[in-house]
Amino acid sequence: MFEHVIQSPVGPLTLTGTEDALTRLSFGGGQAGAGSPSPALELAARELEEYFAGVRREFTVPLAPVGTAFQLAVWSALREIPYGATASYRDIAVRLGKPGGAVAVGQANSRNPIPIIIPCHRIIGAGGQLVGYTGGLEIKRFLLRLEERLPG
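Computed from a prediction, not measured in an experiment: that's the story for all the values here.

Trainee: Can you help me understand the overall build of the protein in this one?
Mentor: Looking only at helices and strands, the protein has 5 helices and 6 strands in total. Each helix and strand of the protein, placed in order from N terminus to C terminus, yields the pattern β-β-β-β-α-α-β-α-α-β-α. Scaling as 2.2 N^0.38, a compact globule of 152 residues should have a C-alpha radius of gyration of about 15 Å, and the protein matches this with 15 Å. Of all intrachain contacts in the protein linking residues separated by at least 6 positions in sequence, the fraction that spans at least 24 positions is 55%.

Written out as structure tokens, the structure reads:
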């Protein structure tokens, strides 16, 4: 496993992964540039920099999150939420064919090992309110505003 810390507008981000895929993105970390980046982590760092600069809307870095079959399905559904859009836990549950599964979707969402790239920040409460986020609501608000203000 490789680990690399980068600076971002939301603070340090620790990228963890293999030679070929990103497996985790964590808020916080050591000093920027710490760790040894693999090619996958170098790509993730470059794409995150482009995202924060407003020139990237979709990520292409290969991902290898570890989770249950249901969690993986939820995380896959999160990646289908378009840039600048939001969805509710219920929306995702319905998309997965489990209309009563909003709570389970919320639990899977909270265990997302690759936030930002698997865009769990795009999940809001059914009434449109901001709800929990691993990095905190200020970071969630920042990410939603970043996506909202970018053209086109």
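Trainee: When you look at the pairing of strand β3 (residues 22–27) in this model, what are you seeing that I'm missing?
Mentor: Note on strand geometry: in a regular strand, side chains alternate between the two faces of the sheet. Two elements, strand β2 (residues 13–17) and β3, share 5 bridges in a ladder whose sense is antiparallel. Across the sheet, L15 pairs through a bridge with L25, a residue of β3. What sits between the antiparallel neighbours β2 and β3 is a turn of 4 residues.

Trainee: Would you take a moment to explain the nonpolar core for this structure?
Mentor: Among soluble globular proteins, nonpolar side chains are generally buried collectively. Residues L15, L48, F52, L78, I92 and I116 are the most contacted members of the largest nonpolar core, which totals 35 residues. Looking at this core, the elements with two or more residues in it are β2, β3, α1 (39–53), α2 (69–78), α3 (89–95), α4 (102–110) and α5 (137–149). Here the element with the most residues in this core is α1; it accounts for 6 residues.

Trainee: Looking at this structure, I do not really get the packing of α2 against α4. What am I missing?
Mentor: Axes are the key here: two packed helices are described by the angle between their axes and the distance separating the axes. Running from N to C, α2 and α4 point in directions that differ by 80 degrees, and their axes come no closer than 9 Å. It follows that α2 is roughly perpendicular to α4 by the angle criterion. For the pair α2 and α4, contact is made by F70, Q71, V74, W75 and L78 and by A104, V105, A108 and N109, respectively.

Parameters and conventions
Residues numbered from 1 in each chain as written. Predicted model: local features only at pLDDT ≥ 70, side-chain atom pairs only at ≥ 80, totals over all residues. Heavy atoms only, no water. Helix = DSSP H or I, 4+ residues; strand = E, 2+ residues; numbered from the N terminus. Rg over C-alpha atoms; globule rule 2.2 N^0.38 Å. Contact = heavy atoms within 4.5 Å. Pairing = 2+ DSSP bridges. Core = buried A, V, L, I, M, F, W, Y, C linked by side-chain atoms within 4.5 Å. Buried < 20%, exposed > 50% of the residue type's maximum accessible area, 1.4 Å probe, protein only. Axes fitted to C-alpha atoms, helices over the stretch in contact; angles between N-to-C directions. Parallel < 35°, antiparallel > 145°, perpendicular 65-115°, else oblique.

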